[in-house]
Every structure is written in C-alpha cells, then in structure tokens.
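# Observations on the model geometry
What follows is the residue order along each chain.
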Amino acid sequence: MAIISQAEAKKILDKVLSFSKADEMSVSLSGGRTSNIRYALNSVSSGGEADNMSLLITAGIGKRMGSATINQFDDKAIERTVRRAEEIARLAPENSEYMPMVGPQNYLETPMYSENTARMDSEYRAQVAFDSVDACEQKNLSAAGFMQDTTGFSAIANSKGLFGYNKATSVDFSVTVRTADATGSGYVTRDFNDISKLKTRSVTGIAMQKALASTNARALEPGKYTVILEPTAMSTLLQSMMSGMDTRLADEGRSFLSKKGGGTRLGEKLLDERVTIYSDPMNLEAPSEPFASEGRNRTGSFLGGGGVGDGRPQEKLTWFEKGVVKNMSYSRFWADQKGVKATPPPTGFIMAGGDQSLADLIKSTDKGILVTRLWYVRMVDPKTLLQTGLTRDGTFYIENGQIKFPIKNFRFNESAVIVLNNVEALGAPIRVGGNLIPPVKARDFTFTSLSDAV
Amino acid sequence: MNRRDFTQTLGVGAAGLFLPKIPALARTVTAEELLEPGLDVAVKKRLADAGLHAATAKGATYADVRIGRYLNQYVMTREDKVQNIINTESFGVGVRVIANGCWGFAAIGDTQSEEEVARTAEKAVAFAKAHSRLMKKPVQLAPQKGFGEVSWKTKVEKNSFEVPVKEKVDLLLSANAAAMQNGANFVNNVLFMINEQKYFASTDGSYIDQDVHRIWPNFTVTAVDKASGLIATRDSLSAPMGRSYDYLQTAPPDRLTGVTTRYNQGYDMLEDATAAAKQARMKLKAKSVEAGKWDLVLDPSHIYLTIHESVGHATELDRVLGYEANLAGTSFATIDKWKSKNFNYGSKEVNFFADKTQPGSLGDVGWDDEGVKTKKWDIIKDGILVNYQAIRDQVHMLGETESQGCCYADSWSTVQFQRMANISLAPGKERLTVDEMIKDVKKGIYIIGDGSYSIDQQRYNFQFGGQLFYEIKDGQIVGMLRDVAYQSNTQEFWNSCVKVCDERDYRLGGTFFDGKGQPAQINSVSHGSSTARFNGVNVLNTGRKI
C-alpha cells in the first residue's frame, strides 16, 4: 500500500529540495490505495483496486514556473525530474501573476484517518456489499450499489521551509433500490472516514423503504411548492454556491456575488438570517484537508500526482453568517492586488441547522413535497445561480404533517440563493459528500415540468 | 521579452506552467516526449502474453490485457496570458479476467516487467474469485474470433504534437485578441489534443495495436454590462473531432454561411472568436424570450447534445437492463418496447444509426476495447426502435451472438465497459436546405450551439439551452433572443420532428467528456445530423433576479 509516514515523506521531500538549483522550489507528494466494489441487479458487476505514489515538483525561476511529476523515488530519478522542472521553468513565459512561494505555515492535525478503513480487505468489501444485497433480496427488491474506499496521504514542502503532512481515509457508499416491477425506487448515500460507522444493511433499509413507498406515484401539477430538501438533495444545490465564493470572479462581474455597478456583495445580507455556513477542518464528523487542495478532494483518489495547492493553511472560517456574506476566497495574486488576506476556498463546508429531525420537519408541514435526491443538476445562469435538474428516487406529497402519497418526479428551475432566502425551517445536519448539511424546508420552490421517470 | 519571444521559447518544449491539474495517473512530460514512439509492438506482445498466461494458469476462463499509453496536451489562455500548458503521459497495463464466472480487474502503472504484469493478472483473478460469492449468474461472453496481429490508426494529415507549442499559443492568443477587439470583456481558450496508443490482447487470439487521435479547440467569450449587471457568454462553435491538427486548417467548403458561420470538416477559430464577441454583445441587448410553444429549427452544433442525451444514452443496453441504476440511471426504452417492433420513438422522419467507423468522429476505431471489429447498425428506423448498443456479455440477452463493438475504458487503469457509440440522425431523404426550412416557419426559434443540458434518469424529460437564439417570424429571421431553454420528453420531441435537411448540411458534434460508471469514466463520442425542425416545443424563459 502506497502510504508512508510523515518522517518518510519529509525525507523524500528534503531530498528533492536538496537537488534544487531554482530560485524557488515546491514539492508535493501524494499516494494511496483506492478500492471499490460495484453491484447491480443484486449481483456483483465489477470491482478492483489501484495504488500509486506520485511526486510533483514545481520550480520557480524569476517569474517563470515549471512543473514535472514522477512516480519513481530513487535519487537519479528524482534529480532528473528536478532538472526537468527547472528546464521547463526556464522555457516558460514570465507569469505576470506570479506570486513568490509562502514560508513555513502552521497546519492543523485534522482527524481524517481511521485505521479501521486502512485495514479493509476485499473479503470485508464483499461482505459490505452482501449485507446490502441480502437485505433487498429478502424483500424481492433489486439493489444497485457502489462502495469505494481510499487510504492515502499528502505532503508538501518548499525551499522556504514550508512542510505539511496529512493522512486520510474515506469510505463512500450509495445504493439505489428498485421494486421488481420497476415502479418504485429509493436511494441512500453515506460517507465516513471510518468504515466501522457504515452499516450497509440498515442504511440500505432506508432506500428499501423509499422504494416500496414510492410505487404508483401520482402526478401533481408543476408550480411553486413548499419543499423539504433532504441533505442529499440540498447538497447538490449548495456545492455550486460554495464553489462560487471567489472574489476575482465577483469583481469581474461574472458571479452571483457581483454587485450591480461593480464590486462584490461582501457584507450584504443575501440569505435568510437562519443560514450560517462555515468550514472547519477539525470538525469530528466531517473533517477536511489542513492545506488548500487542488489535486484531489476527500472522496477522490490519492493517485493523481496532482498538486496540493499553494501551501495556504485551512482554518475554521465563516462564509455566511446569519445570511450575510461574511468571507470570500481570494487567489494569492488577487488578494495581493486588493491588499487583503489570501483566504483559500474551503475544502469542506458545514451548514448550521437546528435540532429537528426530518420527521419533525414533515410533521410541521401543511402542504409540501419531500425530495430525496436531485439529479442531473446543471447551471443555467451563473449570475443568478439558476440551476435545473430533477427529483429522483423518492418524491412524496405531504399534507397536514403526514406523507400522503408518492408523486411523479419533477424538473425544477431554481437558485440556491432563492431557496436559502425562502427558508421555513432547518433540521439537524448530516454528512453528505464530506460536508455537513441539514434538511431544508423552503417555500416557493419552482417545479417547471413533470417527469415520468422512476 | 515580448509575447512573440515568449511563444518562440515555448515552442522549444514547455510543459506544466504553474501548478497543473494533472489527470489521474498521468505524469507531466516535455512536449518532445509526446513524439517518442513508445514501446515496440513486440515488447507489448510479450507483456500481454505474460498476463494472459498467468491469468489462465490461475484458473481464468477468459482474459484480456490492455497496454495503454495516453498522451495529452492542453494549452490554456486567458485574454493576453498563457494560463497553462500541460503535457501528460500515462502508461500502464490493465488486466481483465473471468474466473469462477465473475469479472475481475487489476492494473499496474509504468511497468515493462513481464513478472509484474503476471502478478497483476493473478491479482485480477483473486478479485474475481473473492467477489464471485455475490455473482448470481456466470458471465456469458459472446464468442469472438481472434484477429491475430493487426493495427489501426486515425487518419492524420498533421499530427497535433508535431506542431510547435508556439504556433498553438499564437493561434489562441490571436483568437483572444480578436475577441477582445470586438467587444469581449473576457475570453478563455483551451486547445485539447489527445493521442491514445492502445494495445489489446486476449485469450481469443487477438493482438490489436491502435493509434487514436482527437482534438478540441474550445473557447468562451464573455461580455459584461456592469450598469445592468447582465453578462452574456458565447462558446465556440467548434466540434471535438477524431482528427488531429488538420482540423484547424479550413477550406472554403468547411464554412457554412448564414445568420452566423458554422463549421464542418475544418474550423476557423479567429473568425469564430470575432463573431462570438460581437454576438455576446448583441445577446446583452437581445429580447428576453416569451415562454410558450415555439417551432424549433436546430442546428447540428446544438442538436448533437439532444441526440446524445435522449437517444444515445437511452439505447445503451446496460442502462436498459439496470446495471447503471445507482448513478447514470436506467432507460424508458425498455426491452418490451423493442420487442413490440412498433414503438414510435420518433416520427417517420427520424432514423438513427450507430457507427463506430465514421471517419473524423470521436468514436472511430478499428476494434473496441474487447477485441470486436467495429461496425455500423440501425437504432431507430422510420421512427421505430429497432436495436440497442450492446457488448459481449450482453448480446445474448437480445438473442444475438455477436457484439456490436462498443466497449471502452478511458485508461489502462480502468475496466472497460459499455460506452456510447457514435449515434447519429440520418439526413433527410428529400433535398432541403436550412433557408428553405426556415421559410416555412411562422413562429420559431433557430438555435445554434450547445448550452446547459439536463435529462432525467430514464432519459425522458429534458431541458436544453443553447448559444445563439434567433427568432423566426413568418419565414424570416427577425432578431436575437435570450433566456431561452426548451423542455420536452424524448418520445414527444422526436415525434414532433417534421423535417430534416439533406446530407449537404450533415455535420458532426460531440463531446470529450461523456460520463458514466462507478468509479466514473469519460468517453469521447460524436453525433452527426443535419438541421432539423420540431413543431410546438415548450420554451421557457430562464431570466431571474436574485
């Protein structure tokens, strides 16, 4: 398995830097193992494993930069790659937005690693899949699922004395359960750092219940409805919003955070006052990378050899506080131009919620629609964050605090900004895709057409 | 140093400026390394045989070995700056086996060791055996004859990797300058170039060496009106092609003039960037569309995406059967509809064919990734669903004994599975030009270029945007519209198709990034069509304020 200790990583990175003849040099080393098992129609369909370790070297000469990567670690190979990075830097055009590399930083020791996950083998993986399939077979339901686990590390260093190391594990599981007559479908997804928290038999039960309850769906007229977006659904809308926090884009007039006439909407109240969104790499339920990451994310592969950002540390930071735009991210160049702190974009985010359960939110709803999952969500207008997509795998009509009947899926055209302005209630957050997200009840959600898809 | 000097320097062989985002398992290399020939075919055969022998020795009843060398170059610019130039190479070996009736797969990077390939094959067998406890029925593989030692290559007139980087940077920066001079506030430009060198060997007795080239010049021009807060973008009207740098050499027949110039076998980036900037400015002042029923006239640069989503994916047999249910979804085009032989997928004007041999298309190869010779077949004939896309472990479910050859993996490190073939709308049989088609439209919208796109998990309800929207009134184009998207469902939409222009208007569109599978893989695929007309489609207005 291609995971090495902090001391071993530092030894390799120090060796790389010792070969440098460039004005500046940064190095990132990442590696690990990614394994998966996939099943459909209650039968395994594919599975496999890959591991790798890769080194990315970036040389800075004047205002020129060059990078090269390698996955061999003997002295000769490393030195050859250092020379290649330097050669490329000399040949590159000057970068007018070049920023000198950062010096030593203090990084958080984030709780992303679990030995339970690192020890997992193919027999365990097969059992995890079996538990999900077996639960479905007993009820004459059909399961299609996927589990991927990763165990890896990343380390960074540069010629100005910066060094950082992080190791992490992750497990992502999802299953779609369909009825034998294909008229009902349910879905659930869970992700953790520690595999022991994943109980596929009981989690699959949620998707089974939704599949059975969603048969014989009725058609409702498209229009504006109060919705309860489960965390899996809300997550999809929030991703686009949180990946659009960049100040330069807003300054250029190209973002939902651009102010009419110029400038940004920093400090403006943009969302309902119950909406607070922050990032916290040390969160025990959803920890995230200690340094700004470009090469991968928590649920992705460690195999890429991609860079791990420019060394800026991640720290707890509030992006929206009581609906007000509290912070925006800056590239180091843009921050320098503006004379402000160069805040990196978050690698994970947490939306604060309430204490209410999903059942509580349903109970407090006179008329509304419960949405399990959104599908094929695409940006229609980045300026207003208008997105389109569909509900999927469990959509239900609520009346007088109870789920009355399953309904056919809808296409929506809506903006996360509008949804978060129309908040009626927030539930208790759960982890989805590495983020913590509450179920959100919001009024006037725009459904524009019906879908017959199950 | 002036810009020309920068780019001359670049031409010597730059790679990886700034911190590149490198594709999984690829390494950055110099531009010169993209021209190195790679392993000799005799060495590949030895490695492949080592894998095949090891797999069968451990009990595999079938095995294939793919040795892949994947070369990419991306040149990225923004306004007057080179943002990034990345050259990558990814080399490795993937082994797929059937053991205990179950698939198993393992891969290893950067090796020329027969022992390591053999160990990887053994690992694949071990995976298959471990997972076979979850196998309901053993894999049933359609028989396939061995082809012996054969090869195939994309027709290349000018290899992209032989063109100096300087020349590419000059072209991109010139296009950016043209856009800026014609009203753009921002312009981003990317030139993607790909070479897949793939060697396939199987226990059927095939040793297939293929050299596949693809190219995609692509830009986005943005115009901003700060006073109103509006922005408008216009993406390039290029198509990604199964071609090389010769795609950027335009001959007069490659340009189709009209309300805007569209492109066929050659693409003029400077001309298109100039037009894009002017049109982005015009879009800022265009009339916001009135929602309601409109007749749509759809250019091939737009409709390829509607074809991709509503016909291409819907007729993939693995989806129809349920193998993609957890992510990509299933399909409304179920087996019973196909068996009925009378399911009206579209009107009588609608004929779709799959073709993995169409020259210049992204899916054009000699053999697929499980050693099946590629071919052409009908999917929809005179509006009726007549066939699917299937691979070796599926065709028996259709009562057939021969695969259609559409198995593909996006890397040596990923397992091959069913991916979309080029699916295209056949040209109309009667002579009809675009102008003649527009003349008959009373209230319509002529849409050019692809925009936002979304379709449900059974490929039924969809919504599409576009790049350019022209209002048609009483047979005349009267101005530009904005905030346009149309919604329909697949069957209604294709049944509303009343006319398709003839073969003189036939062009390819396509994508490099068709996603599917878990873990997700990408696939490059083209879709051909002539301009087509659809009556009474539901158009909505996407304008919003926040």
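Residues numbered from 1 in each chain as written. Chains lettered and ligands numbered in written order. Predicted model: local features only at pLDDT ≥ 70, side-chain atom pairs only at ≥ 80, totals over all residues. Heavy atoms only, no water.

### As for helix α6 (residues 300-312) of chain B
What counts, and what does not: Each helix is a run of H or I in the DSSP string that is no shorter than four residues. Each strand is a run of E no shorter than two, and both are numbered from the N terminus. Multiplying 1.5 Å by the residue count of a helix minus one yields the expected span of that helix. The buried label applies to any residue whose accessible area, calculated with a 1.4 Å probe on protein chains only, is under 20% of its type's maximum; exposed applies above 50%, and partly exposed to all values in between.
Between its terminal C-alpha atoms α6(B) stretches only 15 Å, short of the 18 Å expected from 13 residues at 1.5 Å a residue. Burial analysis of α6(B) places 13 of its 13 residues in the buried class, which makes it a mostly covered element.

### A look at the side chain of S451(A)
As a reminder of what qualifies: Under this definition, polar contacts are N or O atom pairs within 3.5 Å; protein pairs additionally need one hydrogen-donor-capable and one acceptor-capable atom, and for neighbouring residues in sequence, both atoms have to be side-chain atoms. Contacts are residue-level and defined by heavy atoms, with any inter-residue pair within 4.5 Å sufficient.
For S451(A), the position within the fold is in strand β19 (residues 440-451). Overall, S451(A) belongs to the buried group, its relative accessible area being 1%. In terms of polar contacts, S451(A) uses its side chain to reach the side chain of D456(B), at 2.7 Å. For S451(A), the residues in contact, after removing those within four places along its chain, are L390(A), K408(A), N409(A), D456(B) and N461(B).

### Observations concerning the pairing of strand β3 (residues 81-99) of chain B
Residues and elements named next belong to chain B. Keep this limit in mind: A pair of strands counts as paired when DSSP detects no fewer than two bridges linking them.
β3 sits mainly inside the fold: 17 of its 19 residues count as buried. Where strand β1 (residues 27-28) meets β3, two bridges bridge the pair, whose relative direction is antiparallel. Pairing of T28 across the sheet is with T88, part of β3. Bridge analysis of strand β2 (residues 62-78) against β3 gives 17 bridges, and the strand direction is antiparallel. The partner of L71 across the bridge, within β3, is E89. The turn joining β2 and β3, which pair antiparallel and follow one another in sequence, is formed by two residues; a positive phi near 45 degrees is taken by E79. Adjacent in sequence and paired antiparallel, β3 and strand β4 (residues 102-109) are bridged by two residues, among which N100 carries a positive phi angle near 55 degrees.

### Regarding the layout of surface pockets
Over the atoms, a rolled probe matching the size of one water molecule traces out where space is still vacant. Heads up, the condition is: Buriedness of a pocket was judged along seven lines, with at least five required to meet protein on both sides within 12 Å; pockets are open sets of points on a 1 Å grid over the protein atoms alone, cavities are sets where a 1.4 Å probe fits but cannot get out, and lining residues have an atom within 4 Å of a point. Grid points are joined across faces, edges and corners, and a volume is the space filled by probe spheres set on the points. Ten residues, namely Ala, Val, Leu, Ile, Met, Phe, Trp, Tyr, Cys and Pro, are considered nonpolar, four, namely Asp, Glu, Lys and Arg, are considered charged, and the remaining ones, Gly among them, are considered polar.
Roughly 1000 Å³ of internal volume is contained in the second largest pocket. Lining the second largest pocket are 44 residues, with N71(A), F91(B), G109(B), D110(B) and T111(B) sitting closest to its centre. At the level of elements, β2 (43-61), β3 (64-70) and α2 (75-91) of chain A together with β2, β3, β4 and α3 (114-131) of chain B are the ones that each hand at least two residues to the lining of the second largest pocket. At six residues, β2(A) tops the list of elements feeding residues into the lining of the second largest pocket. Along the lines of polarity and charge, the residues of the lining of the second largest pocket split into 15 nonpolar, 15 polar and 14 charged.

### Some thoughts on the domain arrangement of chain A
Residue and element names in this part refer to chain A. Spelled out, the test is: As used throughout, domain bounds are those supplied by an automatic or database domain assignment. A 1.4 Å probe defines the accessible area here, and the buried area is the portion of it lost by two parts on being joined, summed over both. Any Lys or Arg side-chain nitrogen found within 4 Å of a carboxyl oxygen on Asp or Glu counts as a salt bridge.
By domain assignment, chain A separates into domain 1 (6-212) and domain 2 (217-280 + 316-454). Of the residues lining the interface, 20 residues belong to domain 1; the matching set on domain 2 comes to 17 residues. Together domain 1 and domain 2 conceal approximately 1600 Å² of surface at their shared face, both sides included; 48% is due to carbon and sulfur atoms. Sorting the residues of domain 1 by area buried against domain 2 places M99, D191 and K210 first, and these three jointly supply 37% of that buried surface. There are three salt bridges connecting domain 1 and domain 2. Salt-bridge contacts for E97 lead to R248; the nearest nitrogen and oxygen are separated by 3.0 Å. Where domain 1 touches domain 2, the interface holds 11 residue pairs in polar contact (both at pLDDT 80 or more). When contributions to the side of domain 1 that touches domain 2 are tallied by element, the ones reaching two or more residues are β5 (163-179) and β6 (185-192). A per-class count over the side of domain 1 that touches domain 2 returns seven nonpolar, eight polar and five charged.

### Quick notes on the domain arrangement of chain B
All names here are of chain B. If you check the domain split of chain B, you get domain 1 (3-285) and domain 2 (288-541). Counting residues at the interface gives 59 residues for domain 1, matched by 50 residues for domain 2. For the domain 1 and domain 2 pair, buried surface summed over both sides reaches about 4600 Å², with 60% attributable to carbon and sulfur atoms. Inspection of the region where domain 1 meets domain 2 yields four salt bridges. Between D299 and R262 there is a salt bridge whose closest N-O contact spans 3.2 Å. Counting across the interface, domain 1 meets domain 2 through 20 residue pairs in polar contact (both at pLDDT 80 or more). Broken down by class, the residue content of the side of domain 1 that touches domain 2 amounts to 33 nonpolar, 14 polar and 12 charged.

### Remarks on the sheet that holds strand β18 (residues 423-425) of chain B
In sheet architecture, strand pairing relies on hydrogen bonds along the backbone and comes in two forms, parallel and antiparallel. Residue and element names in this part refer to chain B. Note the threshold: Here an angle of 0 to 180 degrees is reported between the N-to-C directions of two axes, which are lines fitted to C-alpha atoms, with helices fitted over the stretch in contact.
With respect to topology, four strands assemble into an open sheet ordered β15-β14-β13-β18, the strand pairing being antiparallel. The open sheet has two free edges, formed respectively by β15 (384-385) and β18, since each of these has just one partner strand. Bridging between strand β13 (residues 352-355) and strand β14 (residues 376-381) involves four bridges; their strand directions are antiparallel. By the bridge assignment, F353 is partnered in β14 with D378. Of the strands in this sheet, β13, β14 and β18 touch α6, which is tilted by about 115 degrees from β18.

### Looking at the UniProt feature "domain: Metalloprotease TldD/E N-terminal" (unreviewed entry) in chain A
The criterion, for reference: UniProt positions are given in the numbering used here, feature names are shortened, and annotations may be inferred rather than shown by experiment.
In the numbering adopted here, UniProt assigns the feature "domain: Metalloprotease TldD/E N-terminal" (unreviewed entry) to residues 27-89 of chain A. Measuring from the first to the last C-alpha atom of residues 27-89 of chain A gives 14 Å, for a span that is 24% helix and 63% strand.

### Details of the nonpolar core
Residues and elements named next belong to chain B. The condition is simple: Nine residue types can take part in a nonpolar core, namely buried Ala, Val, Leu, Ile, Met, Phe, Trp, Tyr and Cys, and a core is a set of them joined through side-chain atoms within 4.5 Å.
Ranked by internal contacts, the top residues of the largest apolar core, which has 58 residues, are L296, Y345, F352, I445, Y486, W494 and F534. Ranked by the residues each element gives to this core, the list is headed by α6, at five residues. Excluding residues that lie within four positions of it along the chain, I445 makes contacts with V289, W294, D295, L296, V297, F469, Y470, I472, L481, V484 and V539. Counting residues in hydrophobic clusters, the runner-up holds 56 residues, among them A223, Y263, Y267 and A286.

### As for helix α2 (residues 41-57) of chain B
Residue and element names in this part refer to chain B. For α2, with 17 residues, the first-to-last C-alpha span of 24 Å sits near the 24 Å given by 1.5 Å per residue. Turning to α2, its buried residues are K44, L47, A48, D49, A50, G51, L52, A54 and A55. Tucked into the core, α2 has its buried residues touching β2, β3, α3, β6 (186-202) and β7 (206-225). With a side-chain oxygen lying 2.8 Å from the backbone nitrogen of A42, the N-terminal cap of α2 falls on D40. Of the residues flanking the end of α2, it is G59, one or two places downstream, whose phi is positive at about 110 degrees.

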